[in-house]
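Secondary and tertiary structure notes
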Amino acid sequence: MFLRNLWYFGIPSASLKRGAMTRKIMLDEPLLIARDSDGAPFAIRDVCPHRGIPLSDGAFDGREVECCYHGWRFDRTGRCTMIPSLMADQKFNLDRVRTRQYPCREIQGNIWIYFGNDADDAVGDENPPPNIPGVGERAPGLSETMMFPSPIDHAVVGLMDPAHGPFVHQSWWWRSQRSMHEKSKKFGPSPLGFTMLRHPPSSNSGAYKLLGGAMTTEISFRLPGVRIEHIQAGRHVLCGLTAMTPITAQETEVNHVIYWTQPWLAPMKPLLRPFVRAFLRQDRDVVIKQQEGLKYESNLMLINDADMQAKWYYQLKRAWDKAQQDGGAFENPVETRELRWRS
Ligand code: FES
Ligand SMILES: [Fe+2]
């Protein structure tokens, strides 16, 4: 149901202190995500193999998690290290007891989690989590999380849709229907997805003008649901990363993270945040309305160039799934071409 052998956005680094743990459902699986006393994050399945209690209901000492029911202890790899009820002369092989480990990686202020095949936690290293060029290891300037009550596909298609802007995001500070005009953008395949090749940004976005400097934008999308809009403004970088993580089949978490290298943007944070929130809310609200209609009609129309990215998304998913099933190589179905639409 969900694409496997891929990295998913887990949580912002800042939300997990040293020696703390948290729980989260991702891809319909319960996870305990923790940061050990050395500062390294890890994730294990949040179910005690003994009697099924969430391990996150227990205690974490910065090294091991102790189950709240009978005190079994687990290390960061999910291995059981102690069963307190065992007598000294009762032989029991602790190696037989383990809860699943999920590989974790912390990059540029976010923790990514790898979902491999069932019962296998080896990492496919050919496709690491995204690393944004030009921002170094800096933490995001701004980070927003919002739950979309919809399957991941509708969240992804909605966020990559180039034709909804003047209708859904109509506002004095962004776009209006009056400013609609013809667009033509060049696209090409890129790792696990496609990219709108680098170009000067559209002239009808008032917000862009504020940044100054000679500007170019590149927008890429990659499986399982990550969109990166990378703006180069003179020698500075402003970059938005939107990561969609399925929580269940019917709920998708959208994390929108913004990085910038312009020092003068930092004090603007409190001003910026309401705009980012409003923007995400507009996307979420339209998806909520869509879910109403889809109860009665599940067919979608994908037409012409404006919906080509959505078509590519579904093609990419199928190609990825096929490669995982057959054990063959993933063949990116996207071809370099120009797309034209009005927005
Ligand atoms: S249920 Fe966890 S130790 Fe018994
Ligand atoms: Fe949108």
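Provided above is the structure to which this section pertains.
Cut-off values and rules
Residues numbered from 1 in each chain as written. Chains lettered and ligands numbered in written order. Predicted model: local features only at pLDDT ≥ 70, side-chain atom pairs only at ≥ 80, totals over all residues. Heavy atoms only, no water. Helix = DSSP H or I, 4+ residues; strand = E, 2+ residues; numbered from the N terminus. Rg over C-alpha atoms; globule rule 2.2 N^0.38 Å. Buried < 20%, exposed > 50% of the residue type's maximum accessible area, 1.4 Å probe, protein only. Contact = heavy atoms within 4.5 Å. Areas by Shrake-Rupley, 256 points an atom, 1.4 Å probe, with all protein chains shown as cover. Lys, Arg positive; Asp, Glu negative; His and termini not counted. Charge placed at Lys NZ, Arg CZ, Asp CG, Glu CD. Phe/Tyr/Trp six-rings, centres within 6.5 Å; stacked < 30°, edge-to-face > 60°. Donors = N, O, S within 2.8 Å, 3.2 Å for Na, K, Ca; no water. Tetrahedral: all angles 85-135°; square planar, octahedral: opposite > 155°, others 65-115°. Core = buried A, V, L, I, M, F, W, Y, C linked by side-chain atoms within 4.5 Å. Domains from an automatic or database assignment. Expected span 1.5 Å × (residues − 1).

1. Examining the overall build of the protein chain
Across its full length, the protein chain holds 5 helices and 19 strands. Relative to the globule expectation of 20 Å for 343 residues, the C-alpha radius of gyration of the protein chain, 22 Å, shows essentially globular dimensions. Counting only C-alpha atoms, the protein chain reaches 80 × 45 × 35 Å along its principal axes. Buried residues in the protein chain amount to 50% of all 343 residues. Taking contacts inside the protein chain between residues at least 6 apart in sequence as the whole, the part at least 24 apart equals 58%. For the protein chain, the accessible area works out to roughly 16,800 Å², and carbon and sulfur atoms hold 53% of it. Looking at the protein chain, you have 42 positive and 38 negative side-chain charges, and the mean spots of the two groups are 6 Å apart.

2. Observations concerning the packing of aromatic side chains
The geometry of an aromatic ring pair is captured by the separation of the ring centres together with the interplanar angle, meaning the angle of the planes. A complete count under the given rule lists 13 aromatic pairs for this structure. Where Phe9 meets Trp112, the ring centres are 5.3 Å apart and the plane angle is 75°; that geometry is what we call edge-to-face. With Phe9 in strand S1 (residues 6-12) and Trp112 in strand S11 (residues 110-115), this pair connects stretches of sequence that are 103 residues apart. Of the residues examined, Phe9 reaches a relative accessible area of 1% and is grouped as buried. Residue Trp112 is classed as buried on the basis of its relative accessible area of 1%. Centre to centre, the rings of Phe187 and Phe194 are 6.4 Å apart; their planes meet at 55°, and the pair counts as tilted.

3. Description of the environment of Arg318
Mapping Arg318 onto the fold places it in helix H5 (residues 308-326). Taking C-alpha positions, Arg318 is 9.5 Å from Leu3, a pair spaced 315 residues apart along the chain.

4. Observations concerning the coordination of the iron ion (ligand 2)
Octahedral metal centres with six donors ideally show angles of 90 or 180 degrees, and tetrahedral centres with four donors ideally show 109.5 degrees. Surrounding the iron ion (ligand 2) are the protein donor atoms His164 (NE2), His169 (NE2), Asp283 (OD) and Asp283 (OD), which sit 2.0 to 2.7 Å from the metal. Note that the iron ion (ligand 2) binds 4 donor atoms; their angles at the metal cover 53 to 148°, and the shape is irregular. All donor residues of the iron ion (ligand 2) come from one chain, and their arrangement in sequence is H-x4-H-x113-D. One end of the pair, His164, is in the loop between helix H1 (152-160) and helix H2 (165-168); the other, Asp283, is in helix H4 (residues 269-294), with 119 residues separating them in the sequence. Asp283 shares its class with His164; the two are buried.

5. Thoughts on the nonpolar core
Ranked by size, the top nonpolar core spans 46 residues in total, and within it Tyr8, Leu31, Ile113, Phe115, Phe194, Leu223 and Tyr313 carry the most contacts. Each of domain 1 (6-115) and domain 2 (142-342) contributes no fewer than three residues to this core. In terms of nonpolar packing, the next biggest core, distinct from the first, is built from 15 residues, Trp7, Val135, Ile228 and Ala243 among them.

6. Some remarks on H5
Relative to the 27 Å expected for 19 residues at 1.5 Å per residue, H5 spans 27 Å between its end C-alpha atoms, a close match to the ideal helical length. When H5 is considered as a whole, its buried residues turn out to be Met308, Gln309, Ala310, Trp312, Tyr313, Tyr314, Leu316, Lys317, Ala319, Trp320 and Ala323. Of the residues trailing H5, Gly327 is marked for its positive phi of about 70°.

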